[in-house]
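Structural characterization, general
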2 protein chains.
Amino acid sequence: MRSEPLSRARIVAAAIDLIEREGADAVSMRRIAAELGVGVMSLYNHVPNKDALLNAVAEAVLSEIEFTDDPDAHWTDRVRAQAGAFRQIAHHHPRSTMLVVSRQLHSAAGLLPVERALATLRGAGFDGPDAVRMLRMFIAFIVGSLLREVGVTPTFAPVQTRTIKAEGVDPALFPEVSSLAPLLDECDHEAEFDFGVELLIQAMHVHSGRKEGTR
Amino acid sequence: MRSEPLSRARIVAAAIDLIEREGADAVSMRRIAAELGVGVMSLYNHVPNKDALLNAVAEAVLSEIEFTDDPDAHWTDRVRAQAGAFRQIAHHHPRSTMLVVSRQLHSAAGLLPVERALATLRGAGFDGPDAVRMLRMFIAFIVGSLLREVGVTPTFAPVQTRTIKAEGVDPALFPEVSSLAPLLDECDHEAEFDFGVELLIQAMHVHSGRKEGTR
DNA sequence: CGGGGGTTACGTACACCGTACGTACCTTTT
DNA sequence: AAAAGGTACGTACGGTGTACGTAACCCCCG
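Bear in mind that the values here come from a model prediction, so they are computed numbers and not experimental data.

What counts, and where the lines are drawn
Residues numbered from 1 in each chain as written. Chains lettered and ligands numbered in written order. Predicted model: local features only at pLDDT ≥ 70, side-chain atom pairs only at ≥ 80, totals over all residues. Heavy atoms only, no water. Least-squares fit on C-alpha atoms with pLDDT ≥ 70 in both. Near = heavy atom within 4 Å. Polar contact = N/O pair within 3.5 Å; in protein donor to acceptor, adjacent residues only side chain to side chain. Nonpolar A, V, L, I, M, F, W, Y, C, P; charged D, E, K, R; others polar. Helix = DSSP H or I, 4+ residues; strand = E, 2+ residues; numbered from the N terminus. Contact = heavy atoms within 4.5 Å. Salt bridge = Lys/Arg side-chain N within 4 Å of Asp/Glu carboxyl O. Buried < 20%, exposed > 50% of the residue type's maximum accessible area, 1.4 Å probe, protein only. Axes fitted to C-alpha atoms, helices over the stretch in contact; angles between N-to-C directions. Parallel < 35°, antiparallel > 145°, perpendicular 65-115°, else oblique. Left-handed = near helix turned anticlockwise from the far one by under 90°. UniProt positions renumbered as here; feature names shortened; annotations may be inferred. Phe/Tyr/Trp six-rings, centres within 6.5 Å; stacked < 30°, edge-to-face > 60°. Lys NZ or Arg CZ within 6 Å of the ring centre and 35° of its normal. Core = buried A, V, L, I, M, F, W, Y, C linked by side-chain atoms within 4.5 Å.

Comments concerning the relation of the copies chain A and chain B
At an RMSD of 0.1 Å, chain A and chain B line up after a rotation of 180° and a shift of 0.0 Å along the axis. Read as a symmetry element, the transformation amounts to a two-fold axis.

A few points about the protein's contact with DNA strand C
Looking at DNA strand C, there are 19 residues lining it, with P5(A), M41(A), H46(A), M29(B) and R30(B) nearest. Per the 4 Å cut-off to the protein, sugar and phosphate atoms form 49% of the nearby atoms of DNA strand C. At 2.9 Å from a phosphate oxygen of DNA strand C is found a main-chain nitrogen or oxygen belonging to G39(A). Its residues placed into classes, the surface near DNA strand C shows nine nonpolar, six polar and four charged.

A short note on the side chain of R87(A)
In this fold, R87(A) is placed in helix α4 (residues 75-92). When residues no more than four places from it in sequence are discounted, the contact partners of R87(A) are L146(A), E149(A), H189(A), E190(A) and F193(A).

Regarding the pattern of salt bridges
By the definition in use, this model includes 27 salt bridges over all chains. Note that R103(B) and D51(B) form a salt bridge whose closest N and O atoms lie 3.3 Å from each other. Placement of R103(B) in the loop between α5 (94-102) and α6 (111-123) and of D51(B) in helix α3 (residues 50-62) is noted, with a sequence separation of 52 residues between them. Exposure remark for R103(B): the relative accessible area of 17% places this residue in the buried category. The salt bridge involving D69(B) is made with R78(B); its shortest N-O contact spans 3.0 Å. Through salt bridges that share partners, D17(A), R21(A), E22(A), R31(A) and E35(A) make up one connected network.

Brief notes about the protein's contact with DNA strand D
Taken together, 18 residues are adjacent to DNA strand D, and R30(A), P5(B), M41(B), S42(B) and H46(B) come closest. When the atoms of DNA strand D within 4 Å of the protein are grouped by moiety, sugar and phosphate amount to 47% of the total. Measuring from a phosphate oxygen of DNA strand D, one finds a backbone N or O atom of K50(A) at 2.9 Å. Between DNA strand D and the protein, one listed contact pairs a phosphate oxygen with a side-chain N or O atom of S42(B) at 3.2 Å.

Section: the packing of α4(A) against helix α10 (residues 189-208) of chain A
Residues and elements named next belong to chain A. For the pair α4 and α10, interaxial distance at closest approach is 11 Å and the crossing angle is 150°. Considering their axes alone, α4 and α10 lie roughly antiparallel with respect to each other. In the crossing of α4 with α10, the sense of the turn from one axis to the other is right-handed. Contacts from W75, T76, V79, R80, A83, G84, R87 and H91 in α4 reach H189, E190, F193, V197, E198, I201, M204 and H205 in α10.

Description of the environment of I16(B)
Residues and elements named next belong to chain B. In this fold, I16 is placed in helix α1 (residues 8-22). The exposure class of I16 is buried, given its relative accessible area of 11%. Along the backbone, I16 and A58 are 42 residues apart, and their C-alpha atoms lie at a distance of 9.0 Å. The contacts of I16, once residues within four sequence positions are left out, are V57, A60, V61, H93 and S96.

Side note on the UniProt feature "DNA-binding region" (unreviewed entry) in chain A
On the UniProt side, "DNA-binding region" (unreviewed entry) is annotated at positions that read residues 28-47 of chain A here. For residues 28-47 of chain A, the end-to-end C-alpha separation is 13 Å, with 40% helix and 0% strand making up the annotated structure.

Details of the interface of chain A and chain B
The partner chain B presents 53 residues to the 52 residues of chain A that form the contact. The interface formed by chain A and chain B holds four salt bridges in total. Taken together, the links from chain A to chain B amount to 13 residue pairs in polar contact (both at pLDDT 80 or more). Elements with a contribution of two residues or more to the side of chain A that touches chain B: α5 (94-102), α6 (111-123), α7 (128-150), α8 (175-179), α9 (181-185) and α10 of chain A. A per-element tally of the side of chain A that touches chain B places α7(A) first, with 14 residues. Broken down by class, the residue content of the side of chain A that touches chain B amounts to 29 nonpolar, 11 polar and 12 charged.

Some remarks on the packing of α3(B) against α5(B)
All names here are of chain B. Running from amino to carboxyl end, α3 crosses α5 at an angle of 110°, the nearest separation of the two axes being 9 Å. By the angle class used here, α3 and α5 are roughly perpendicular. Along its contact with α3, which presents L54, V57, A58, V61 and L62, the element α5 presents S96, L99 and V100. Broken down by class, the residue content of the contact of α3 with α5 amounts to seven nonpolar, one polar and no charged.

A word on the packing of aromatic side chains
Tallying each qualifying case throughout the model produces four aromatic pairs over all chains. With centroids separated by 6.4 Å and ring planes inclined at 85°, the aromatic side chains of W75(B) and F126(B) adopt a geometry described as edge-to-face. Residue W75(B) is located in helix α4 (residues 75-92), and its partner F126(B) is located in the loop between α6 and α7 (128-150); the two are separated by 51 residues in the primary sequence. F126(B) carries the same exposure label as W75(B), and that label is buried. Sitting over the face of the ring of F193(B), R87(B) holds its NZ or CZ atom 5.4 Å from the ring centroid. The ring of F195(A) is capped by R133(B), whose NZ or CZ atom sits 5.3 Å from the centre of that ring.

Description of the nonpolar core
By size, the foremost hydrophobic cluster in this structure holds 126 residues, and its most contacted members are I32(A), V57(A), L118(A), I32(B), V57(B) and L118(B). Sequence-distant contacts of L118(B), that is, excluding residues within four places in its chain, are made with E176(A), V177(A), L180(A), L184(A), A131(B), V132(B) and L135(B). Residues L147(A), M98(B), V143(B) and V150(B) belong to the second largest nonpolar core, which totals 10 residues.

Structure (structure tokens):
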């Protein structure tokens, strides 16, 4: 009857599956155990507690990123590729991605992306402090974007695209919001993300082209 | 004995207080009721459920932002001021800020900042679509930054400044991370935030200065 | 060929959670 | 005076994370 002997990996996989299907709120030790056809406390032989499990989930999702980094490519293309690679996990595991961005994990799993990014930035000619600054900038942008894109989706609904806020605003109080409502309501996340990446790349360009002065 | 008659405002205030003191995990209806010296179910006369309470908390925190917007100032200064105003709430209510950025609230409370920002951007010469894009860009950056700055602080610790990851990395596997470890470990959030704001302002500058072509 | 000894699975139990429901009081309207 | 409505409260139900004690298994050492 015991098909496979229950392992940390299987538990994490079940958790990810459950999160994707029913949302992060549905995750409970009992639920996961039931999903695996196993007693609740058996999980604790492989995972110290729920928090650690969620960290493991975040780690697993994060380590799924495919980095096909080409050191010979122009640094702008490498930046584009890395940003896109990060974004792809939000497409593959929308709900679980929230865990990755909500919990900053101190584990080594998130270290490889950092290494790649720093190498790229150094290759682009930034010195240490500037490379770190730019990296933080990019991370902030990516995290913030994914947070908006994936929505928090606290409960159900397969991600919820409608924001539903357009109509009820008073044009006298909020003229800009009111007149731009159609634009605010819809959002092509892909295009928006690409726009941000390009904007940041341009910004990095002008930043590197002046180095000092002007302030 | 009944000092004040218990109101939605008092409940929200108690919730914020509790969150700041003991973290978001410590928030429970029973805990809040105890804090107010009141029965648990009395809360439900003023708040439909916990989720609505947390939304109210987010709304209250958000509406505490002080916008001293000067329509005559240069648009770059207005952008700086608005970004800073947003960041100040992260300083005043670090833990509660997580609620604001985690939960996107569709209520009207977050509408005023949007209105102000759009007005500023339009004043800077951006047309509708570009203004919305830039606003989204800025929001993503601010949210991402605050998320890093305040940390998720899921449990205790008065914000936890140490990241503790410097030492254990293999210089052979992660040369960049290893050599830049000191820079990665410490972070002057204020300076980092200001750097990002300036970078984005410059980016907006070059973006408005070309409008079309180059791609 | 015994045994142990460690690992794994499991059940029970406890403290806590959100909240549905019924009830008492107190204030205002009729 | 009576009726109506809102506020506070207690109890109860089904859920949660996990500490603890037990039983089965496998493997290695004698």
